[in-house]
Amino acid sequence: MTAFRVPGRGRVLHNRPVSFTFDGDTYQGLEGDTVASALIANGVHLMGRSFKYHRPRGPIAAGSEEPNALIGTRRGKGQFEPNTRATVQEIWNGLETSSQNKYPNLKFDIGAINDRLYMLFSAGFYYKTFMWPRSFWDKVYEPFIRAAAGLGVSPTEPDPDNYASRYLHTDILVVGAGPAGLAAARAAAESGLRVTLVDENAEPGGTILSEPQAKIDGKPAWDWLEAELDALTDLGVRIMTRTTAIGYYHQNMIGLCQKLTDHLEKPAASTPRERMWRVRAKQVILAQGALEKPLVFDGNDRPGVMLAGSAQTYLNRYGVRVGNNAVVVTSHDSAWYAAFDLASAGTKIGAIVDTRPTPNADLVKEAAARGITVFAGYTATGTSGRLRIKSVRINKVENGTVLAAQTLACDSLLVCGGWTPSLHLFSHTKGTLKWDDQSQTFLPDRITEDCQIAGAGRGLWGIEAALNDGAAMGTAAAKALGKTATVKTLSVADDRPGTGASHTELPTDLDAGKARAFVDYQNDVTAKDLRLAVREGMRSIEHVKRYTTNGMATDQGKMSNINGLNIAADALGKKQPEVGLTTFRPPYTPTTFGAFVGYHKGDHFEVTRKTPIDSWAEENGAVFEPVSLWRRAWYFPKDGEDMDAAVRRECRETRKSLGMFDASTLGKIEVVGPDAVEFMNRMYTNPWTKLAPGRTRYGLLLGDDGYIRDDGVIGRLTDDRFHITTTTGGAARVLNMMEDYLQTEWPDLKVWLTSTTEQWATIALNGPNARNLLAPFVEGLDISDEAFPHMSIAECTVAGFPARLFRVSFTGELGFEVNVPARHGRALWETLFAAGQKYDICPYGTETMHVLRAEKGFIIVGQDTDGTVTPYDAGAGWAVGKNKPDFVGMRALNRPDLTAEGRKQLVGLLTDDGTSKLEEGAQIVLDPNQPIPMKMVGHVTSSYHSDAAGRPIALALIEGGHGKTGETVYIPMPDRTIRATITGTVFYDPENARLKL
Amino acid sequence: MLLIHCPYCDETLPELEFTYGGEAHIARPENPADKTDDEWRDFLFIRTNVKGPHFERWRHAHGCGRFFNAVRDTVSDRFLTTYKAGEPRPDLAVLLEDAAKKEPSK
């Protein structure tokens, strides 16, 4: 039995001990404990250090809103998570936990020097301290900030856990399984609707778990809860615990993160760690309750200072007393009950200090009956104790004057500044809030989604009020879905409704400028910082937030927003609604990347498209590269070859005799219909009317802005059928663009578009022996130069497979592209490869394809063009049908800026030394001696070593390049400046003699 | 995630099935050659960029593949209606009135 455990008390299992470690020491807890409750049961409150001042901190809360007690949790290799809230993490045998933000250890931390230097670290200190001298930024300030930044330590190993994802459709989703949520679920379920009830805690019940004294419907609260949960289960309600509604999105979609294994000692290997649910609900009921506010006074952050409601939760839910000698400082009735419960359990209550001059008379009477001293109309002005609170300083306040102080010894201080409705999810929907003067808080106003808010979320206090409001809202939701339902009311005995007062910082007799009165605990934002921000000119609450970092901690302002607003409003001399609230955004609590990623990791991160010939390439030692979603054979190294050597050999052998290339990834679109030729005329720059069936043409596709979008060789099979090829990466984009024009601009055209990319396997044969290899396999077609000249297309049979045969060349050599149904791709490839041995056939990859095409000056759209290049810029003006009435992009080509002088134009570049290969992307200047920053006139788009040219070659976009042939340009690199001469873009066989074999 | 009604499929389906297609009711001129440089610039680049109800194009890309038009409030992201390509602009006043009636309120 640990020192602060109350035998028989709470929901924990007293006969099921659990041992775990914290900072290397072993502690005993009970099944059902969180790390925080188990450590407090051992008398440990010091669990962490704050971010800026490294002040010792203990848990201030008992739930997910905890800002202080952040720990690292570890299960094994790779299974480490920083910044876990100790108040949420359940313990299991063998759990390893550690504190953060300390060196060398939690009790003695060198970083705590910041706390002594706090005057230097006021609001906006980043902006002030790191301004000058300018030269300090790189060497001093940035390294300092980077070293200090971040909370916790990132895991360094891959996460071995799995994360899942599911969709859920439900009639009604109830968020929060406290009294309001339970009653709403019951009412809705009884009307026959499918209901889902979620709660972030390990078990449903909410406040009821912390208030066993209540009698609901004549039954003890926990008995009623058990029966109610059974009833809900019988009604088919899906109850999900450890499940946080992290975000409320459009049209009632709610994201849920369900933690499945973090509480288990031995999770099954098949169980995902977390599951992300995307829920679509017809009606949502938000029953998230309210969060307790701390009071703001000097020293309100020492270990042992805790929200009174949380102390009550530790006692009643976990059977743990937070201390032996507690003092309560409150402005709300609710803390009195916490004091009474703790007194009954054996903790000495030194005093109840209420800021209100005349607290509730019944409570005062009860305190007197228990012999508890009451100080009414008092303020708290300080605390003492380094690693744990030792005393609190209080003063009587009379007519606004703070009188003499007295000191009360204590080992824990329970504070309560009232309650704030938890409206985070409601705010995600852009529902508006309205300031309620009476309760001094924001309440929901205009609702934008099909949603109801029940219970404490709309300012109703006490279990009875929450239950009956929940039932009313559950009924309302059912009625909204066309069900009949009547509200059933329940009565609750020993309920604890209450009222309270709201404060900014508590008044003090000491120098307020020296008070360490914390508003945002984790980020160490004090009341003084907020007032300073206002004095320095911040007017909007959003600016105050960013200047001070108030509300930017991992609790996202759950603990600090309202206190921060009250203080900022006071400093501005405005009412709270005039100052406004910062925006709440998802997720409600910190959520792992794993939960968002779900299944989309590793091989499942994105699709890898493979051609029918990919397996052959893999078996034959290809090195692959990704091209859009495809993986393509990049080059085929032979023993010992590096990439450079392999590519040179592939180029050489292809030009000498024969190369074969898997071109299956080329986009293919079939354009069919009586108006096919008209459609082609309108889409492409080229004229198509006179292209005879059986012939092909290079097609250039522009956007209506006149810039090149895509290109490819297009064959006309019959009068009404075209076989378009597109770039590998552009296939889907081109089809979308064509569909857009066809559907929305020219719906009168009778044309059908079909993507056929994956229907065909495409094998390109290039080289002087291409026909010699192919001809014996072709049936039904004469492929001699006379019968089947360059730029022909025909249907025939190749090696017994039905084929569409193109005579086309992307290399400058005699070339054919054989398309066969995809399923025959590999068989044809192997047939041709085997037969090609007598011609020393060379399989080549995309790199060789790039070199061969660059030697001929053929562009790659997207590499040699960048979305601002016209056909004229690219030297492809010959492909523009100037006599056509219109095509997409035609009008734009006459716009003044597209015909202006000095546009970047595609040229060739040869380095003057004949050996330097330029870097793709390198910038080009005309005068290397000009001052920096130099005027850059263009950049290198393609660059390769070319055996055919006997030197490196490059393509570049250069301002006015077409008029600069023969001129010298310079390419400055980090180590030297390279001279080059502007040339034409064709480096090999400019007469195209090799095509005509 | 938005739910979008495809007027061709007559089904309300998740946003994932759709792609956005820019502002609606900008017809490509019949005879582009007749247009001045300024008119062609306006056709290419000038958009209303409204805060509020916006006439825009969507495509049921992973469904029927059809382009259609929609009116969406760019502040709330709420769709006021969707309709087939080629149909006239719906009356905004009527749409807003209908939307106000449907809005949940307290």
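- Under an unreviewed UniProt entry, the name given to chain B is Sarcosine oxidase subunit delta, and the source organism is Thalassospira xianhensis MCCC 1A02616.

**Some words on unusual backbone geometry**
Residues and elements named next belong to chain A.
Right, so step 1: For the bond from Pro586 to Pro587, the omega torsion is -5 degrees, close enough to zero to count as cis.
Right, so step 2: Mapped onto the elements of the fold, Pro587 is located in the loop between α16 (576-579) and α17 (593-597).
Right, so step 3: The omega torsion across Ile932 and Pro933 is 0 degrees, close enough to zero to call that bond cis.
Right, so step 4: Tracing the chain through its elements places Pro933 in the loop between β47 (923-924) and β48 (938-946).
Right, so step 5: Of note in this structure, Gln440 is not a glycine but carries a positive phi near 55 degrees.
Right, so step 6: We classify Gln440 as partly exposed; its relative accessible area is 23%.

**Quick word on the packing of helix α19 (residues 643-656) of chain A against helix α24 (residues 846-855) of chain A**
Residues and elements named next belong to chain A.
Right, so step 1: The N-to-C vectors of α19 and α24 enclose an angle of 55 degrees; their axes lie 9 Å apart at closest approach. Taken as axis vectors, α19 and α24 run oblique relative to one another. The element α19 and its partner α24 pack so that their crossing is right-handed. Across from Met643, Val647, Glu650, Cys651, Thr654 and Arg655 in α19, the residues of α24 making contact are Glu847, Thr848, Val851, Leu852 and Glu855.
Right, so step 2: Partitioning the contact of α19 with α24 into residue classes produces five nonpolar, two polar and four charged.

**Quick word on the sheet that holds strand β51 (residues 977-983) of chain A**
Residues and elements named next belong to chain A.
Right, so step 1: Reading across from one edge, β47-β48-β49-β46-β51-β50 is the order of the six strands in this open sheet, with antiparallel pairing throughout. A single partner strand is all that each edge strand has here, and the edge strands are β47 and β50 (968-972).
Right, so step 2: Where strand β46 (residues 904-911) and β51 come together, four bridges link them in antiparallel fashion. Directly across from Thr911, in β51, lies its bridge partner Ala980.
Right, so step 3: Across the sheet, α24 is in contact with β48 and β49 (951-959); its angle to β48 comes to roughly 110 degrees.

**Overview of the interface of chain B and chain A**
Right, so step 1: In this assembly, 30 residues from chain B lie in contact with 35 residues from chain A.
Right, so step 2: Put simply, chain B and chain A have four salt bridges between them.
Right, so step 3: Run the count over chain B and chain A and you get 18 residue pairs in polar contact (both at pLDDT 80 or more).
Right, so step 4: Elements that contribute at least two residues to the side of chain B that touches chain A include exactly α1 (37-45) and β4 (53-59) of chain B.
Right, so step 5: A per-element tally of the side of chain B that touches chain A places α1(B) first, with six residues.
Right, so step 6: Considered class by class, the residues forming the side of chain B that touches chain A number 15 nonpolar, four polar and 11 charged.

**With respect to the side chain of Asp171(A)**
Residue and element names in this part refer to chain A.
Right, so step 1: Position of Asp171 among the secondary structure elements: in strand β8 (residues 163-175).
Right, so step 2: Among the residues examined, Asp171 registers a relative accessible area of 7% and is labelled buried.
Right, so step 3: Within the structure, Asp171 has its side chain in polar contact with the side chain of Lys282 (distance 3.0 Å).
Right, so step 4: With residues near it in sequence (within four places) discarded, Asp171 still touches Leu193, Arg194, Ala281, Lys282, Gln283 and Leu481.

**Let's talk about the sheet that holds strand β17 (residues 305-307) of chain A**
Residue and element names in this part refer to chain A.
Right, so step 1: As summarised here, the arrangement of the five strands in space is β17-β24-β18-β19-β20, forming an open sheet in which the pairing is parallel. Unpaired on one side and paired on the other, β17 and β20 (374-376) mark the two borders of the sheet. When strand polarity is set aside, the average angle formed by the axes of neighbouring strands in this sheet is 20 degrees.
Right, so step 2: As paired elements, strand β18 (residues 325-330) and strand β24 (residues 412-416) share five bridges and run parallel to each other. Counterpart to Ala326 in the pairing with β24 is Ser412.
Right, so step 3: The strands that helix α9 (residues 334-344) touches are β18, β19 (348-354), β20 and β24; relative to β19, the one it contacts most, it runs at about 170 degrees.

**Considerations on the packing of helix α8 (residues 308-318) of chain A against α9(A)**
All names here are of chain A.
Right, so step 1: Orientation of α8 relative to α9, taken along the N-to-C sense of each, is 35 degrees, at an axis distance of 8 Å. For the crossing formed where α8 meets α9, the hand is left-handed. The residues of α9 that touch α8, namely those facing Ala308, Ala311, Gln312, Leu315 and Asn316, are Ser334, Ala335, Tyr337, Ala338, Asp341 and Leu342.
Right, so step 2: Looking at the contact of α8 with α9 residue by residue, the classes come out as seven nonpolar, three polar and one charged.

**Concerning the environment of Asp33(A)**
Residue and element names in this part refer to chain A.
Right, so step 1: If you trace the backbone, Asp33 turns up in the loop between β2 (25-31) and α1 (35-41).
Right, so step 2: In this structure Asp33 comes out as buried when scored by relative accessible area, which is 0%.
Right, so step 3: Sequence separation between Asp33 and Ala676 is 643 residues; the distance between their C-alpha atoms is 73 Å.
Right, so step 4: With residues up to four places along the chain from it excluded, the contact list for Asp33 reads Arg5, Val12, Ala38, Gln89, Glu90, Ile91 and Tyr318.

**Notes on the state of the cysteines**
Residues and elements named next belong to chain A.
Right, so step 1: Inspection of every chain in the model, using the stated rule, returns zero disulfides over all chains.
Right, so step 2: Cys416 supplies the cysteine sulfur nearest to Cys410, a cysteine that is in no disulfide, at a spacing of 17 Å.
Right, so step 3: Distance from the sulfur of Cys842, which forms no disulfide, to the nearest cysteine sulfur (Cys651) is 8.8 Å.
Right, so step 4: Classification of Cys842 as buried rests on a relative accessible area of 2%.

Calculation rules
Residues numbered from 1 in each chain as written. Chains lettered and ligands numbered in written order. Predicted model: local features only at pLDDT ≥ 70, side-chain atom pairs only at ≥ 80, totals over all residues. Heavy atoms only, no water. Helix = DSSP H or I, 4+ residues; strand = E, 2+ residues; numbered from the N terminus. Buried < 20%, exposed > 50% of the residue type's maximum accessible area, 1.4 Å probe, protein only. Axes fitted to C-alpha atoms, helices over the stretch in contact; angles between N-to-C directions. Parallel < 35°, antiparallel > 145°, perpendicular 65-115°, else oblique. Left-handed = near helix turned anticlockwise from the far one by under 90°. Contact = heavy atoms within 4.5 Å. Nonpolar A, V, L, I, M, F, W, Y, C, P; charged D, E, K, R; others polar. Pairing = 2+ DSSP bridges. Salt bridge = Lys/Arg side-chain N within 4 Å of Asp/Glu carboxyl O. Polar contact = N/O pair within 3.5 Å; in protein donor to acceptor, adjacent residues only side chain to side chain. Disulfide = S-S within 2.5 Å.

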